[in-house]
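The chain contents come next:
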Amino acid sequence: MQDIRIDSPLRGRLIPLSEVTDPAFASGAMGRGAAIADPEGRVVSPVDGEITVLFGSKHAIGIHSADGVDLLIHVGVDTVKLEGKHFTAHVAQGDTVKRGQLLLEFDPDAIRAEGYETTTPVLVTNAADYGKITLTLDDAEISSGGDAAEEVKAETTVVEDDVDPNLPKEERVAKLIWKYVGGAGNVRSAEHCATRLRLIVNDKELIDEKAIENIDGVKGQFFAAAQYQIILGTGFVDKVFDAFVAGTNLVGAVNSKQEAYDQMTPLQKVSRTLGDVFVPIIPVLVATGLFMGLRGAAQSLGVEMSDNLLRISQILTDTAFAFLPALVCWSTMNRFGGTPVIGIVLGLMLVAPQLPNAYAIAAGAAVPLSMEIFGIPIPVVGYQGSVLPALVLGIFAARLQKWFKTFVPDIIDLIVTPFLTLFVSMLLGLLIIGPIMHTLEIGIFGAVRAFLELPYGVGGFIVGGLQQVIVVFGVHHVFNALEVQLLASTGLDPFNAIITGAIVAQGGAAIAVAARTHDAKKRALYISSAVPAFLGITEPAIFGINLRFMKPFIYGLVGGACAGGIAGFLHLAGTGMGITVLPGTLLYLDRLAEYFLVNAVGFGVAFGLTFTFFRPEE
């Protein structure tokens, strides 16, 4: 077979497909190639050819080269849900393009701020027609041989069925999917992206996953984000989707994000909502934490700062937390369908300079204002560094604005609705919602801090042992608000140190599985799945290795518990949040020895237990 070399269509960092968090790409089911991590926002054509696929969401482009190579460039993971936001296309489907021609521009920072990963797979979708495929970027290159493609091709079998074999292939595949997915009564909604048919189903137990995977034309299937996703490939997925929804009422009823949300448990819904609110503001808090870490490291080395330099550093480290309610209220309004700029103004009202500063009150340098409602004295304060008052006020204001829009005439809506929303929300925020939520916040986070500070690291041991279980169930975003509040109230995040130990332990268990595996190909796959754990991403290691064999996952939990216990015992805490393990080192520049000890214990315990007691043949 012919070997081919392709230049990367994006600038960034070249990584193997196995490091992509989406299993459809990581498994190679969509084709062979590589991926670009941390991409710049320009996609150029790597070949002369024709644009065969360009979605309205502009996140994926298919190209058929002049010499017959079918390429797919898929910007980010699940970015179809952005519906074209932050993307600009410079070509149309059917256009003829030249090598180096600009195809697409996108804003990677804005996409990440929306909570989506920007790592971009670049695939040869007709890889079975070629031998070794090499993707190059500057001096780096990643190759994949033809053996894996042949193995996948050999495993694909046709399902024996009673569907008319003379039907067009897309209709045949659609009918078979209907048959094995549980029938029309089991599908609530359907949509598709560049490569996959995405279904929301009523009962997972009715699906015959093995039969669907063996349909000729289906390249793989899995559940993710409450969706049943069937991998069909570029171009073909469009045809199958059209055949699948023909004659049904599924067309138009494809709000899969809402459908997926509806199928979540209450705890998953809370976690998803908190994630939607706090993930967009995490980059700012990460940057602030790094500033704090650098200042702390400089001071621990004896560097003396002038008054002006210290003041500048305080602007870098304190601003985000002083105006935290504005960030939270903005993100909450955006999440619940209100006008984001109203959220910003409401958040700023909670920290207006006319109000007694919360930090000054805590230090005894100021006292709350006293106002009376029906004879009941209400303390009015600023809410610098608070989370719950801004969160609840943002939800209330978004609902209130929507309610006003139901009856305010369109001709005066631009003036009256913002005025009423701000006026009512401000009064309730300062006099009712703020005091109640602030009191509740103090109680909740006081209890959490007390738990984390239990003697002998008991709290850290429990959290470290259970944190990755919580990740598996997809409810780990509930801790975002906790970490933000810890940073806002104390300037430190002990939770970050604990979960770092839990994360590195899963990576250690996965490395041990690789070390115990004699098959060279499997060992390489396991190592590539384990590496992201040391950058703070455990999903490839957990779902690709540890949970499959179960014992490594349990040993990883034991390692996480031991590491968390030591972190709690040492009262180790980061100066920020959002980054862990190797990148997280920047948050512990003044306590590197303790940080390395926690990571070493997590890795060592998980690796040792797995290597000693796990047998691949089991």
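Model, not experiment: these values are computed from the prediction.

Section: the packing of helix α18 (residues 494-516) against helix α20 (residues 539-549)
Okay, step 1: Where α18 contacts α20, the two axes come as close as 10 Å, and the packing angle between them is 65°. By the angle between their axes, α18 is roughly perpendicular relative to α20. The hand of the α18/α20 crossing is left-handed. Here Q506, A509, A510 and V513 of α18 come into contact with α20, specifically with A541, I542, I545, N546 and F549.

Points about unusual backbone geometry
Okay, step 1: Of note in the backbone geometry, D78 takes a positive phi value of approximately 60° without being a glycine.
Okay, step 2: Tracing the chain through its elements places D78 in the loop between β7 (70-74) and β8 (87-89).
Okay, step 3: Despite not being glycine, M550 has its phi angle at roughly 65°, a positive value.
Okay, step 4: With respect to the helices and strands, M550 occurs in the loop between α20 and α21 (551-569).

Re a negative patch on the surface
Okay, step 1: Together, D203, E205, D208, E209 and E213 make up a negatively charged patch on the protein surface.
Okay, step 2: By the element assignment, E209 lies in helix α5 (residues 209-213).

Quick look at the pattern of salt bridges
Okay, step 1: Inspection of the entire model under this criterion finds 12 salt bridges.
Okay, step 2: Among the ionic pairs, R5 bridges to E141, the shortest N-O distance being 2.8 Å. Taken together, the residues span a long stretch of sequence, with R5 in strand β1 (residues 4-7) and E141 in strand β13 (residues 140-144) at a distance of 136 residues.
Okay, step 3: A residue is classified by how much of its surface remains accessible, and E141, at 44% relative accessible area, is partly exposed.
Okay, step 4: A salt bridge links R335 to D276; the shortest N-O distance between them is 3.0 Å. On the criterion of sequence distance, the pair formed by R335 in helix α11 (residues 324-335) and D276 in helix α8 (residues 266-278) is long-range, its members being 59 residues apart.
Okay, step 5: Residue R335 is classed as partly exposed on the basis of its relative accessible area, which comes to 25%.
Okay, step 6: In this structure D276 comes out as partly exposed when scored by relative accessible area, which is 23%.

Overview of the pairing of strand β3 (residues 32-37)
Okay, step 1: Of all six residues in β3, six are buried; the element is thus mostly enclosed.
Okay, step 2: Bridge count for β3 against strand β11 (residues 120-124) is five bridges, and the pairing is antiparallel. Looking across to β11, one finds that I36 is bridged to T120.

Structural notes on the packing of aromatic side chains
Okay, step 1: Taken as a whole and judged by the stated rule, the model has 14 aromatic pairs.
Okay, step 2: Where Y526 meets F549, the ring centres are 6.2 Å apart and the plane angle is 80°; that geometry is what we call edge-to-face. With Y526 in helix α19 (residues 520-530) and F549 in helix α20, this pair connects stretches of sequence that are 23 residues apart.
Okay, step 3: Residue Y526 is classed as buried on the basis of its relative accessible area of 6%.
Okay, step 4: Here F534 and F603 contribute two aromatic rings whose centre-to-centre distance is 5.9 Å and whose plane-to-plane angle is 50°, an arrangement assigned as tilted. Placement of F534 in the loop between α19 and α20 and of F603 in helix α23 (residues 592-613) is noted, with a sequence separation of 69 residues between them.
Okay, step 5: Judged by its relative accessible area of 29%, F603 is partly exposed.

Parameters and conventions
Residues numbered from 1 in each chain as written. Predicted model: local features only at pLDDT ≥ 70, side-chain atom pairs only at ≥ 80, totals over all residues. Heavy atoms only, no water. Axes fitted to C-alpha atoms, helices over the stretch in contact; angles between N-to-C directions. Helix = DSSP H or I, 4+ residues; strand = E, 2+ residues; numbered from the N terminus. Parallel < 35°, antiparallel > 145°, perpendicular 65-115°, else oblique. Left-handed = near helix turned anticlockwise from the far one by under 90°. Contact = heavy atoms within 4.5 Å. Patch = residues over 30% accessible without salt bridge, like charges linked within 9 Å, V, L, I, M, F, W, Y side chains within 5 Å. Areas by Shrake-Rupley, 256 points an atom, 1.4 Å probe, with all protein chains shown as cover. Salt bridge = Lys/Arg side-chain N within 4 Å of Asp/Glu carboxyl O. Lys, Arg positive; Asp, Glu negative; His and termini not counted. Charge placed at Lys NZ, Arg CZ, Asp CG, Glu CD. Buried < 20%, exposed > 50% of the residue type's maximum accessible area, 1.4 Å probe, protein only. Pairing = 2+ DSSP bridges. Phe/Tyr/Trp six-rings, centres within 6.5 Å; stacked < 30°, edge-to-face > 60°.

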